[in-house]
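Residue strings, one per chain:
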Amino acid sequence: MWKQWLVALVLVGVVVAGAGVYLSLEDPADAEAEDEPTASTVNISAPEMRRVRDEVSAVANLNAMDAVALTTEVSGRVVELNLQTGRKVQQGDVLVRLDDRQATADLAVIEAQLADARRQYDRARSLRANNSVSQSQVDELRTAVDVAIAQREAARVRLQNHRIEAPFSGVVGLSDISVGAYLQAGTVITTLDSTDQLELNFAVPERFVGQVQLGQPVRATSPAFPDEIFEGELVELATRISELSRTLAVRALIDNLDGRLRPGQFMSASLTLQEREGLVVPEQAVMLRGDQKYVFVAEDGQARRVSVKTGSRLPGWVEVTDGLTMEDAVIITGQDRLSSGNRVRVIESDRAIPENRFDSVQGS
């Protein structure tokens, strides 16, 4: 039995000695190469100088500068109709005329009564010269003339009320009125909107009130025209801040000569507080950890973490106000797997920065 144990111990000794000889013959350089980590493949981009804007974004609504619902002031049958939805009309154009024959006849009666009152008054004045009539009779006849003049003016107004005219130049809205229809007083005939310029109404948070000024540029977009920006400028500021929302209501004007925008339309507005040249990097390069913002920079084949401060944003880009220079090689891909000091291998790629469909619009 003891011989078997002796043979086993000899075999174990031989194996241990062989392993020691093998390890002693291994190349130290190969061992160091195995311990050295593999370089990470990354893309880089140099910071750029671009024009950036400090902007306030808000939800906005479009309203016509002048808007009215046209109604009848008297009852009557429609005898003339000049309503065509979407047609531009000028101030003073007759849109609807009601049957005014009775009103015309009433005005003729009043004018005849006025003429008779004036004749009697003139005769009384001539008789008063030789005391044939009393002064009180002359005064009564003068009062009758004044009353007839007032009645004539009232009759003219009633006649005019049978004509609905455009109070300002604008675009006619929908109407269900037909010639021959009998309309009661107060019936809504159609709408009229002035649309060559539209009001863009939105609100600015209270903290920006000190930077808001009349004349500042406003840019607006609409879901109806997703790739287009409509420009205008700030023209009115509210005198009070809303206690509920802590915002200041403001109003801008946007040109709409082509008539594509319509009152009541929803818009997204951006008010430009100021513009300047700023250093920007692709937004994908900026990493967040808590309240810290940082990027990785490639230096001598290694990654270096750099804390940065950011400012305004552009489509696909972020302004860096502190921490970088234009000479820094900012890593824009693969940085989520890096730590400061890691080895990196830079490669070139045209698709490292994804295309942004708003980039061309922003630069227009």
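Not measured: the values here are computed from a predicted model.

Colleague: Can you help me understand the confidence of the model for the protein chain in this one?
Modeller: Parts of the prediction with low pLDDT should not have their coordinates interpreted in detail. The pLDDT averaged across the protein chain works out to 85; a share of 85% of its residues lies at or above 70. Ignoring residues within four places in sequence, the model shows residues 28-33, a span with pLDDT below 50, making zero contacts including any to other chains. Confidence drops under pLDDT 50 across residues 360-364; counting only partners more than four residues distant or on other chains, this segment forms eight contacts.

Colleague: Quick question: what am I supposed to make of the nonpolar core here?
Modeller: A general trend in soluble globular proteins is that nonpolar side chains are found buried together. Within the largest apolar cluster, 24 residues are counted, with the highest numbers of intra-cluster contacts made by Leu200, Phe202, Val204, Val218, Leu234, Met267 and Leu271. The set of elements that each furnish at least two residues to this core consists of β2 (48-64), β11 (197-205), β12 (217-222), β13 (225-241), β14 (247-255) and β15 (266-282). Among the elements that make up this core, the one with the highest residue count is β2 (five residues). Not counting the four nearest positions on each side in its chain, Phe202 is found in contact with Ala58, Val59, Ala60, Val218, Leu234, Leu248, Ala249, Val250, Ala269 and Leu271. One finds Leu95, Ile164, Val172 and Leu183 within the second-largest nonpolar core, a separate group that totals 16 residues.

Colleague: Whenever I open this one, the packing of aromatic side chains confuses me. Can you help?
Modeller: In this description, an aromatic ring pair is defined by two values, namely the gap between the centres and the angle between the planes. What the rule picks out here adds up to two aromatic pairs. Positioned above the aromatic ring of Tyr121, the side-chain terminus of Arg142 is 5.5 Å from the ring centre. The ring of Tyr294 has Arg305 sitting right over it, with the charged end atom 3.8 Å from the ring centre.

Colleague: Just to check I follow, could you spell out the pattern of salt bridges for this structure?
Modeller: Pairs may arise between side chains of opposite charge once their charged atoms sit close together. Tallied over the full model, the rule gives 25 salt bridges. Arg53 is the salt-bridge partner of Glu275, the closest N and O atoms lying 3.4 Å from each other. Of this pair, Glu275 sits in strand β15 while Arg53 sits in strand β2; the two residues are 222 residues apart in sequence, bridging distant segments of the chain. Arg53 gets classed as buried once you look at its relative accessible area, which sits at 14%. A salt bridge links Arg260 to Asp258; the nearest nitrogen and oxygen atoms lie 3.1 Å apart. For Asp258, a relative accessible area of 53% translates into the label exposed.

Colleague: What's the story with the sheet that holds strand β8 (residues 170-172) in this structure? I'm lost.
Modeller: By definition, the strands of a sheet pair up through backbone hydrogen bonds, in either a parallel or an antiparallel sense. Taking strand neighbours across the sheet as the criterion, the four strands line up as β3-β10-β8-β5 in an open arrangement whose pairing is antiparallel. Each end of this open sheet is capped by a strand with a single partner; those strands are β3 (67-71) and β5 (88-89). Pairing between β8 and strand β10 (residues 188-193): two bridges, direction antiparallel. Each residue of the ladder has a partner; that of Val172, found in β10, is Leu192.

Colleague: Looking at this structure, how should I read the packing of helix α3 (residues 101-128) against helix α4 (residues 135-160)?
Modeller: Each packed pair of helices is defined by two parameters, the angle between the axes and the distance between the axes. Two elements in contact, α3 and α4, have axes whose closest approach is 8 Å; the angle formed by their N-to-C orientations is 160°. Considering the angle they form, α3 stands roughly antiparallel to α4. Crossing of α3 against α4: the hand is left-handed. Residues of the contact of α3 with α4, tallied by class, amount to 15 nonpolar, five polar and eight charged.

Colleague: Quick question: what am I supposed to make of the sheet that holds strand β7 (residues 163-165) here?
Modeller: With respect to topology, four strands assemble into an open sheet ordered β7-β6-β4-β9, the strand pairing being antiparallel. Edge positions in the open sheet fall to β7 and β9 (182-183), since each of these has one partner strand only. As paired elements, strand β4 (residues 76-81) and strand β6 (residues 94-98) share three bridges and run antiparallel to each other. When the sheet's bridge partners are listed, Val78 is paired in β6 with Leu98.

Colleague: Can you walk me through the environment of Ala269 in this structure?
Modeller: Inspection of the secondary structure assignment puts Ala269 in strand β15. Separated by 40 residues in sequence, Ala269 and Ile229 place their C-alpha atoms 9.7 Å apart. Those residues in contact with Ala269 that sit more than four places away from it in its chain are Val56, Ser57, Ala58, Ala60, Leu200, Phe202, Val218, Arg219 and Ala220.

Colleague: Would you mind going over α4 with me for this structure?
Modeller: Every α-helical turn comprises 3.6 residues, leaving residues that sit three or four positions apart pointing alike. Here α4 is 26 residues long and its end C-alpha atoms lie 38 Å apart, about the 38 Å a rise of 1.5 Å per residue gives. Those residues of α4 that are buried are in contact with α3 and β7.

Colleague: What exactly am I supposed to notice about the pairing of strand β19 (residues 309-314) here?
Modeller: Each regular strand carries side chains that alternate between the two faces of the sheet. With four bridges joining them, β19 and strand β20 (residues 317-322) adopt antiparallel strand pairing. Pairing of Arg313 across the sheet is with Val318, part of β20. The turn linking β19 back onto β20 is made up of two residues, and Gly316 within it adopts a positive phi angle of 85°.

Rules and cut-offs
- Residues numbered from 1 in each chain as written.
- Predicted model: local features only at pLDDT ≥ 70, side-chain atom pairs only at ≥ 80, totals over all residues.
- Heavy atoms only, no water.
- pLDDT = per-residue confidence, 0-100.
- Contact = heavy atoms within 4.5 Å.
- Core = buried A, V, L, I, M, F, W, Y, C linked by side-chain atoms within 4.5 Å.
- Buried < 20%, exposed > 50% of the residue type's maximum accessible area, 1.4 Å probe, protein only.
- Helix = DSSP H or I, 4+ residues; strand = E, 2+ residues; numbered from the N terminus.
- Phe/Tyr/Trp six-rings, centres within 6.5 Å; stacked < 30°, edge-to-face > 60°.
- Lys NZ or Arg CZ within 6 Å of the ring centre and 35° of its normal.
- Salt bridge = Lys/Arg side-chain N within 4 Å of Asp/Glu carboxyl O.
- Pairing = 2+ DSSP bridges.
- Axes fitted to C-alpha atoms, helices over the stretch in contact; angles between N-to-C directions.
- Parallel < 35°, antiparallel > 145°, perpendicular 65-115°, else oblique.
- Left-handed = near helix turned anticlockwise from the far one by under 90°.
- Nonpolar A, V, L, I, M, F, W, Y, C, P; charged D, E, K, R; others polar.
- Expected span 1.5 Å × (residues − 1).

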